[in-house]
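Working through the structure, step by step
Here are the chains, one letter per residue:
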Amino acid sequence: MELTYKRTNIYSVADEAEKKAIFDYCEGYKRFLDAGKTERETVRETIALLTSKGYKPYVLGDKIKKGDRLYYNNRNKGLFILKAGTADVAKCGVRILVAHVDSPRLDLKQVPLFEKADMAYLKTHYYGGIKKYQWLTIPLALHGVVVLKNSKKVEISVGEDEGDPVFYITDLLPHLSQEIDAKTIREGFSAENLNLLVGGIPLKGEEKDAVKKGVLLLLNEKYGMNEEDFLSAELEAVPAVKAHDVGFDRAYVASYGHDDRVCAYPEITATLETETEQTVLTILADKEEIGSEGNTGMQCILIRDLLDEIAKSYGVSPAVLREHSMCLSADVTAGFDPAYASAFEEMNAGFVHHGVAMNKFTGSRGKSGSNDASAEYVGYLRGVFERDGVIWQSSELGRVDLGGGGTVAKFIANNNIDTVDMGVPVLSMHAPYELVSKADVYSAHKAFSAFVK
Ligand code: MN
Ligand code: MN
């Protein structure tokens, strides 16, 4: 009789076939990471995948039929994937999986370009929670869109292809750094110094701002834009580094933006690959990193509109459909890091290699701002994971008094839907290059597949 709770290290129990499945799965994940570094690119890539599998765009107001395979593209930044099932939604509700596809980064300001000391820069405004110093002296790529004066939309991606230039934020040499070193990290690094170096060759014949004008001429030749067009642009600087295996044994994957594409990818694969009678709504959300605000964030009423459309189409009460629906809010959690052990409480931390981690509650300092899932719902999910042999663990985001964080979970739960957080433990979360265990990525795929079955 098993009296005590113990986590299981997946690598120590996996046989060769399982280990191969884990590694093969993560090859696909790495391709997904490299193909979409921003919310827009991830939505675009996912739509291409869905289209190849026969999914069709959904138009609000259209009737949804059992067996339909649909997606709703929310402004190219959020995506709702709908597998309309044959099960009775008045009894089973909808199985909802949500992950977010925005990641911390440096957004360009709307008037970004300036020149100083014969160098041209683009000013940034960081998006999400970053440690600013981590973004200095690393290769950065620029991704996004510019809407020109004539309403034409131009896509920009510079810094990813072989031979592309990258962009760069400077740091002060250690020989002259003693004044900065004496400050706190918060005081020592100013957001107004997070300026991307983008040019250095002056435009011939120009007296003033010749380097800036040189850059503008190149932008005009390549994209047909002028300085004013930055006003209607969304350009994001992200690390110009591809995903890599880490370790002699390749146990890990390091990448930009695991948070939260490491949950989005298993969501997508679980949705596409699982045979199920359930109706499944899989969501790639935007704006989680800044509070899920606006019409592409999970606070938007759109999720409710889509659930209403399903209810209407199936001829059931929207309230009954919501009451019987369930959600896994798939977002990363902090992986225990022995180098910073005091930030964690070890009995309740999430450990790499020990599987996708459930955070029964989130929030901070007394569960403030939390979605706290019910014991009954967690108990139900334990049964589901047990049934399908999913190795998973329970975790909490760090030591109680130290901090914490929220996710989209509470915004889903507000619709009268049982919701719990579940995601992959990440080391160096929100750093330009984050780390996960391959075993945990595959565990997320298995857990999400069991949930939608
Ligand atoms: Mn996240
Ligand atoms: Mn995050």
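So, here's what we can say about the structure. (Residues numbered from 1 in each chain as written. Chains lettered and ligands numbered in written order. Predicted model: local features only at pLDDT ≥ 70, side-chain atom pairs only at ≥ 80, totals over all residues. Heavy atoms only, no water.)

**A word on the packing of aromatic side chains**
To describe a pair of aromatic rings, one takes the distance between the centres and the angle between the planes. Throughout the structure, instances matching the rule amount to 11 aromatic pairs. Here the aromatic rings of tyrosine 25 and tyrosine 265 are separated by 5.3 Å at their centres, their planes lie at 50°, and the arrangement is tilted. Separated by 240 residues along the polypeptide, tyrosine 25 in helix 2 (residues 16-35) and tyrosine 265 in helix 8 (residues 258-273) bring together distant segments of the chain. The residues tyrosine 25 and tyrosine 265 share a single accessibility class, namely buried. Following the ring pairs from residue to residue traces out a cluster consisting of Tyr25, Tyr29, Phe32, Tyr265 and Tyr442. Looking at arginine 95, its charged tip hangs above the ring of phenylalanine 451, at a distance of 5.9 Å from the centre. It is arginine 105 that lies over the ring of tyrosine 127; its NZ or CZ is 3.6 Å from the centre. (Phe/Tyr/Trp six-rings, centres within 6.5 Å; stacked < 30°, edge-to-face > 60°. Helix = DSSP H or I, 4+ residues; strand = E, 2+ residues; numbered from the N terminus. Buried < 20%, exposed > 50% of the residue type's maximum accessible area, 1.4 Å probe, protein only. Lys NZ or Arg CZ within 6 Å of the ring centre and 35° of its normal.)

**Let's talk about the coordination of the manganese ion (ligand 1)**
Coordination of the manganese ion (ligand 1) by the protein comes from His100 (NE2), Asp259 (OD), Asp331 (OD) and Asp331 (OD), over a distance range of 2.1 to 2.6 Å. In this structure the manganese ion (ligand 2) is found 3.3 Å away from the manganese ion (ligand 1), and aspartate 259 serves as a bridging donor for the pair. In this pair, aspartate 259 sits in helix 8 while aspartate 331 sits in the loop between strand 14 (326-329) and strand 15 (333-334), placing the two residues 72 residues apart along the sequence. What makes aspartate 259 buried here is its relative accessible area of 2%. (Donors = N, O, S within 2.8 Å, 3.2 Å for Na, K, Ca; no water.)

**What about the pattern of salt bridges?**
Summed over the entire model, instances satisfying the criterion amount to 28 salt bridges. The closest approach of N and O atoms between lysine 446 and glutamate 18, which form a salt bridge, is 2.8 Å. Highlighted residues: lysine 446 in helix 13 (residues 438-452) and glutamate 18 in helix 2, separated in sequence by 428 residues. By sharing partners, the salt bridges in this structure join Glu27, Lys30, Asp245, Arg250 and Lys438 into a single network. (Salt bridge = Lys/Arg side-chain N within 4 Å of Asp/Glu carboxyl O.)

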